[in-house]
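Chains, contacts and geometry: an overview
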Amino acid sequence: MHSSVSALPGLQDAQGRSYPYLRLSITDLCNFRCNYCLPEGCLDHHHHEALTIDEIRRLITAFAALGVQKVRLTGGEPTLRQDFTGIVRTIKQVPGIRKLAMTTNGYKMDQRVDGWLAAGIDAINVSVDSLDPRAFELITGHNRLREVMAGIERAFAGGLSAIKVNAVAMKGWNDTELDAFLTWIQHHPVSIRFIELMQTGTNQAFFQQHHVSGKTIQTLLLERGWVRKVRQVDAGPALEYCHSDYVGTVGLIMPYSRDFCNDCNRLRVTSLGQLQLCLFAESGIDLRGLLQSDDQYGELVATIRSALVHKEDGHFLGQGWAGGTQNLAQIGG
Ligand code: SAM
Ligand code: SF4
């Protein structure tokens, strides 16, 4: 194992964008059936072939040497890995990694979050598409809103000072809930990120029916006195808004807006070890072959660096092209 992070120049692409942030999918398996993602449930997955802890350690060691400081574990549902806390502990030991975040659907979070935090998780994004239990069940296929909300409370009690909540904005499903979400965050340090529904290979009809522009929410927020916050260097893609009457904040993720890709600072690796230069890339670059031994470190670093040359300026979602992405569970949203 490479115990020290060599002072390599950080990753940069042809546009001069740098990459301090890696999203790593640790499984493509999911137990929910979100109507915009896996409406039929998870029929096809490679859970048992996902990267092992040793492969993950080598991967993160190489990315950290190239300047990655923040890692987010995602999926599928990352907490379905039996060795989830072992993965967390391993990544936390990699020199150079300052922040380890995760994205979860909140399944059994009320019982499990203490263990995630004890292993070293620094930040949690929880998906809550509706605050109405019935709508939550219809969207996700699970009557678990109460469990997820209890999990969020438990995470605060366990010492997290802030939590991000992801809600995919969908016409006809949750577009009347802005006030309910705002009331919730008035006294809770929750950052709600309203995510514009994205078109993927398998949700085209759903997308046509339910997509709503984040600009609608942006207009409402501005009318009510919300103001834009300054962006942090390792921040995600959200435009953040705050208001003096609210403890929480609102983030808007608008992949269809013209400038969305300008600030792109993240790379993705799938649970099978494919480096994805964009959420909507046509295909990935296989790194798994270079994760088999610590001796491959030099070749791994060189491969990642040269891959960045091929990163596009932006995606082509606006033209209806979602690349090879069938659903976001497959690649890690
Ligand atoms: N299963 C975990 C969860 O749901 O939080 C992590 C993986 S999920 C793919 C990550 C995020 O992507 C979730 O917040 C989910 O709502 C979002 N997502 C999935 N499909 C999407 C789509 N088509 N458009 C926008 N967001 C999507
Ligand atoms: Fe599973 Fe997350 Fe997709 Fe919902 S959004 S089906 S929880 S991967």
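1. Overview of the site of ligand 2
Taken together, the residues surrounding ligand 2 are Cys30, Phe32, Cys34, Tyr36, Cys37, Leu38, Gly76, Asn105 and Ala329. Here the residues of the shell around ligand 2 sort into seven nonpolar, two polar and no charged.

2. Quick word on the site of ligand 1
Around ligand 1, a shell composed of 20 residues is seen, among which Tyr36, Gly76, Ser127, Asn166 and Met198 lie nearest. Glutamate 77 places a polar side-chain atom, nitrogen or oxygen, 3.2 Å from a nitrogen atom of ligand 1. With the chains in place, 95% of the 550 Å² that ligand 1 exposes on its own is no longer accessible. When contributions to the shell around ligand 1 are tallied by element, the ones reaching two or more residues are strand E3 (99-104), strand E5 (163-169), strand E6 (190-196) and helix H10 (328-331). A class-by-class count of the residues in the shell around ligand 1 yields eight nonpolar, ten polar and two charged.

3. What about the sheet that holds strand E8 (residues 239-242)?
Hydrogen bonds along the backbone pair up the strands of a sheet, which may run parallel or antiparallel. One open sheet holds the twelve strands; their spatial order is E7-E8-E9-E6-E5-E4-E3-E2-E1-E10-E11-E12, and the pairing between them is mixed. Bordering the open sheet on either side are strand E7 (227-228) and strand E12 (285-286), each of which pairs with just one other strand. Across two bridges, strand E10 (residues 266-269) lies against strand E11 (residues 274-276) in antiparallel orientation. Across the sheet, arginine 268 pairs through a bridge with glutamine 276, a residue of E11. Seen against the sheet, helix H5 (residues 145-157) touches strand E4 (123-127), E5 and E6 and runs at an angle of roughly 155° to E5.

How each quantity is defined
Residues numbered from 1 in each chain as written. Chains lettered and ligands numbered in written order. Predicted model: local features only at pLDDT ≥ 70, side-chain atom pairs only at ≥ 80, totals over all residues. Heavy atoms only, no water. Near = heavy atom within 4 Å. Nonpolar A, V, L, I, M, F, W, Y, C, P; charged D, E, K, R; others polar. Polar contact = N/O pair within 3.5 Å; in protein donor to acceptor, adjacent residues only side chain to side chain. Areas by Shrake-Rupley, 256 points an atom, 1.4 Å probe, with all protein chains shown as cover. Helix = DSSP H or I, 4+ residues; strand = E, 2+ residues; numbered from the N terminus. Pairing = 2+ DSSP bridges. Contact = heavy atoms within 4.5 Å. Axes fitted to C-alpha atoms, helices over the stretch in contact; angles between N-to-C directions.

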